[in-house]
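What follows is each chain in one-letter form.
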Amino acid sequence: GSESGSSVQQANDGDYIVVGKAFSSDDNLYDVWLIKTDSEGNRSWSHLIGGPDNDEGLSVKQTTDNGYIIVGTTSSYGNGSDDIWLIKTDSEGNREWNKTFGGGGGDKGFSVQQTADEGYFITGCFNCDSNESNVWIIKTNREGQEVWSQNFGGSSYEWGRFGHQTNDGGYIIT
């Protein structure tokens, strides 16, 4: 099939963690593909995470408990054609929990970061499939439950691609 990587980070142990998408079995649909390699690029383990429709991982970061947080998009779960999918794994890539965020239109999460309070900050787009899409930022607690969210945009295409918590406790997005 056609596999792709979307995000890579060097882990605390010097190894690398990669997330993207890969064809699941014979159904020609994508699943989130999480791969851990050693420092030389040799695969240590990999996991496909997904459901009955297309799912994709777009960003991965290591968490303070040495697990991983993934954000992307899912058509398998949630409220619409695509929803933001937040997945928390343990240090071996086994899913601990997952949450979806979205409405009836296509929504995507492009960036995730663990915040100072050990929650998560997601940057993406709301109603991405529309010519009136908006930047969407979401703050969750450590269990992935939404604390607040905000949309920004006008009457055309606006997407948030990257977000980061600033030293003063605020957030900056592109």
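Data block above holds the structure.
What counts, and where the lines are drawn
Residues numbered from 1 in each chain as written. Predicted model: local features only at pLDDT ≥ 70, side-chain atom pairs only at ≥ 80, totals over all residues. Heavy atoms only, no water. Disulfide = S-S within 2.5 Å. Buried < 20%, exposed > 50% of the residue type's maximum accessible area, 1.4 Å probe, protein only. Helix = DSSP H or I, 4+ residues; strand = E, 2+ residues; numbered from the N terminus. Pairing = 2+ DSSP bridges. Phe/Tyr/Trp six-rings, centres within 6.5 Å; stacked < 30°, edge-to-face > 60°. Core = buried A, V, L, I, M, F, W, Y, C linked by side-chain atoms within 4.5 Å. Contact = heavy atoms within 4.5 Å.

Student: Go over the state of the cysteines, please, and point to the residues and values.
Tutor: Under the defined criterion, the tally for this structure stands at 1 disulfide. Across the disulfide from Cys-125 sits Cys-128; the S-S distance is 1.7 Å. With the S-S dihedral at roughly 110°, the linkage between Cys-125 and Cys-128 falls on the right-handed side. Just as Cys-125 is buried, Cys-128 falls in that class too.

Student: How would you sum up the pairing of strand β5 (residues 55–62)? Please name residues and give values.
Tutor: Where burial is concerned, most of β5 is hidden: 7 out of the 8 residues are buried. The sheet contact formed by β5 and strand β6 (residues 68–74) spans 7 bridges and is antiparallel. Following the sheet pairing, Gln-62 is matched in β6 by Tyr-68. Between β5 and β6, which follow one another and run antiparallel, lie 5 residues, and Asn-66 among them has a positive phi close to 70°.

Student: Mind laying out the packing of aromatic side chains, listing which residues take part and the relevant values?
Tutor: According to the stated counting rule, one finds 9 aromatic pairs in the structure shown. Ring centres of Trp-148 and Tyr-171 lie 5.8 Å apart, and the angle between their planes is 70°; on these two criteria the pair is classed as edge-to-face. With a gap of 23 residues between them, Trp-148 in strand β12 (residues 146–152) and Tyr-171 in strand β14 (residues 171–173) connect regions that are remote in the sequence. Since its relative accessible area comes to 26%, Tyr-171 is described here as partly exposed.

Student: I'd love a proper account of the nonpolar core, names of residues and values included.
Tutor: In terms of nonpolar packing, the biggest core is built from 12 residues, these being Ala-11, Ile-17, Val-19, Val-32, Leu-34, Trp-45, Ile-49, Val-60, Tyr-68, Ile-70, Trp-85 and Ile-87. Of all elements in the fold, only β2 (16–23), β3 (30–37), β4 (43–49), β6 and β7 (83–89) reach the threshold of two or more residues within this core. Not counting residues within four places of it along the chain, the set of residues in contact with Val-60 comprises Ser-7, Gln-9, Ile-17, Val-18, Val-19, Leu-34, Tyr-68, Ile-69 and Ile-70. Within the second largest apolar cluster, 11 residues are counted, among which are Phe-101, Tyr-120, Ile-122 and Trp-136.

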